[in-house]
Amino acid sequence: MTTEGIKISIETNILTIKKNIEKALIKSGREGDEVQLIAVTKTVDVQRINEAIDAGITSIGENRTNEIVEKYNLIGNKVDFHMIGHLQTNKVKYILGKTKLIHSLDRLSLAKELDKRSKNNDIITDVLLQVNVAEEESKFGLRLDEVLYFIEDILEFTNIRVRGLMTIAPYTEDKALLRNVFRSLYKLKEDIKGRKYEGIYMDYLSMGMSNDYEIAIEEGSNMVRIGSSIFGKRNY
Ligand SMILES: *Cc1c(COP(=O)(O)O)cnc(C)c1O
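Okay, so let's go over this structure. Positions within a chain are numbered from 1, following the residues in the order the chain's sequence is written. The predicted nature of this model means local features are confined to residues of pLDDT at least 70 and side-chain atom pairs, given and counted, to a pLDDT of 80 or more, with totals for whole chains, interfaces and linings taken over all residues. Where side-chain values are given, they derive from all heavy atoms of the structure, hydrogens and water being excluded.

### A closer look at the packing of helix 6 (residues 147–154) against helix 7 (residues 175–195)
Lines are fitted to the C-alpha atoms to define the axes, a helix being fitted only along its stretch in contact, and any angle between axes, read from their N-to-C directions, falls within 0 to 180 degrees. Working definition: helices are DSSP H or I runs of at least four residues, strands are E runs of at least two. Numbering for both runs from the N terminus. Contact geometry of helix 6 with helix 7 gives a least axis separation of 11 Å together with a crossing angle of 40 degrees. Considered as vectors, helix 6 and helix 7 are oriented oblique to each other. Read as a crossing pair, helix 6 and helix 7 show a hand that is right-handed. Here V147, L148 and I151 of helix 6 come into contact with helix 7, specifically with L188, D191, I192 and R195. Class assignment for the residues of the contact of helix 6 with helix 7 results in 5 nonpolar, no polar and 2 charged. Every angle not falling under 35 degrees, over 145, or within 65 to 115 is termed oblique; those three ranges are roughly parallel, roughly antiparallel and roughly perpendicular. Each crossing is labelled by how the near helix is turned from the far one, with a counterclockwise turn of less than a right angle marking it left-handed and a clockwise turn marking it right-handed. Residue contacts are counted whenever heavy atoms from the two residues lie within 4.5 Å of one another. Note on residue classes: Ala, Val, Leu, Ile, Met, Phe, Trp, Tyr, Cys and Pro are nonpolar, Asp, Glu, Lys and Arg are charged, and everything else, Gly too, is polar.

Structure, rendered in structure tokens:
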């Protein structure tokens, strides 16, 4: 494929997704609400990322710290970087200060490390709590019934700021199951909001990927993470 061909298709894909987002908002009576589109760029090279940026993308998502560092050095602050993958405690130091939002806070040791390093660097690090709603063995994240206790445990960490919740739904065509997962997380978000914890914000509900973002939006998502529907199938 020529460069021009790729460019047109990335651009077209983004436009299609934006239209679908609007449709899902209208369908669920949320017309006019904002949904942040995060282009998931894992394995995608900088040239194609730049094409997505030219087509209006302002946020990109990566799941590995080394890819964040590499791409941050090449692309810089033309876009916001979102860490969406499992974050090892010993790798926090590499990405600290480079991310707009870390979607994958899922354990106390990581909260401690993020808080400590953020304090040392005199910054506040914005995070989402990752929730494994469907309790899949293969996935990271807190269980729904652990989240409130976890919040109580991290209230003392003043250099991390919780901005909301994130989940990765099961990979399935079962729409009812997906809807259920997303609805459960939305309910939890509303519950937490109602408790008015000091320093805990519920601005973002990061849910929805290529396979399921329309259902996620219908169930209250305002941040979707989309890779293959923009860039095509990934080559690992
Ligand atoms: C890869 C990935 C995505 C994007 O998945 P697609 O199915 O390609 O849209 C979203 N969220 C996370 C956490 C991912 O790892």
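Back to the text.
### Notes on the pairing of strand 2 (residues 59–62)
Exposed residues in this analysis have more than 50% of their type's maximum accessible area, buried residues have under 20%, and partly exposed residues fall in between, with area computed by a 1.4 Å probe over protein chains only. With burial as the criterion, each face of strand 2 is covered, one bearing S59 and G61 and the other bearing I60 and E62. At least two bridges found by DSSP between two strands are what make those strands a pair. Of the pairings in the sheet, the one linking strand 1 (residues 36–40) to strand 2 comprises 2 bridges and is parallel in character. If you follow V40 over to strand 2, its bridge partner there is G61. We call a crossover right-handed when, viewed with the strands running away from us, the connection from the first strand over the helix to the second turns clockwise. Between the parallel pair strand 1 and strand 2, the chain is carried across by helix 2 (residues 46–54), and the sense of this crossover is right-handed. Two strands pair when backbone bridges link them, and strand 2 and strand 3 (residues 80–83) are joined in this way by 4 bridges, in the parallel orientation. Opposite I60, over in strand 3, you have F81 as the bridge partner.

### Side note on the layout of surface pockets
The definitions used throughout rest on a 1 Å grid laid over the protein atoms alone, on which a cavity is an enclosed set of points accommodating a 1.4 Å probe that cannot get out and a pocket is an open set flanked by protein within 12 Å on both sides along at least five of seven lines; lining residues are those having an atom within 4 Å of a point. Grid points are joined across faces, edges and corners, and a volume is the space filled by probe spheres set on the points. Each pocket or cavity is described by its volume, and for the largest pocket that value is around 580 Å³. Taken together, 23 residues form the lining of the largest pocket, with K42, I168, M209, R225 and R234 sitting closest to its centre. Taken as a whole, the second largest pocket encloses approximately 150 Å³ of empty space. In this structure, the second largest pocket is lined by I124, I154, L155, F157, T158, I160, R161, V162, E198, G199 and I200. Taken together, the residues of the lining of the second largest pocket sort by class into 7 nonpolar, 2 polar and 2 charged.

### Brief notes about the environment of G85
Following the sequence through the fold, G85 ends up in the loop between strand 3 and helix 4 (92–95). Measuring from C-alpha to C-alpha, the distance between G85 and R179 comes to 22 Å, with 94 residues separating the pair along the chain. Residues contacting G85, with those up to four places away along its chain left out, are E62, N63 and S104.

### Section: the environment of K189
By the secondary structure assignment, K189 is in helix 7. Taking the relative accessible area as the measure of exposure, K189 reaches 9% and is therefore buried. Taking the C-alpha atoms as reference, K189 lies 28 Å from K91; in sequence the two are 98 residues apart. When sequence neighbours within four positions are dropped, the list of residues in contact with K189 reads L165, M202 and L205.

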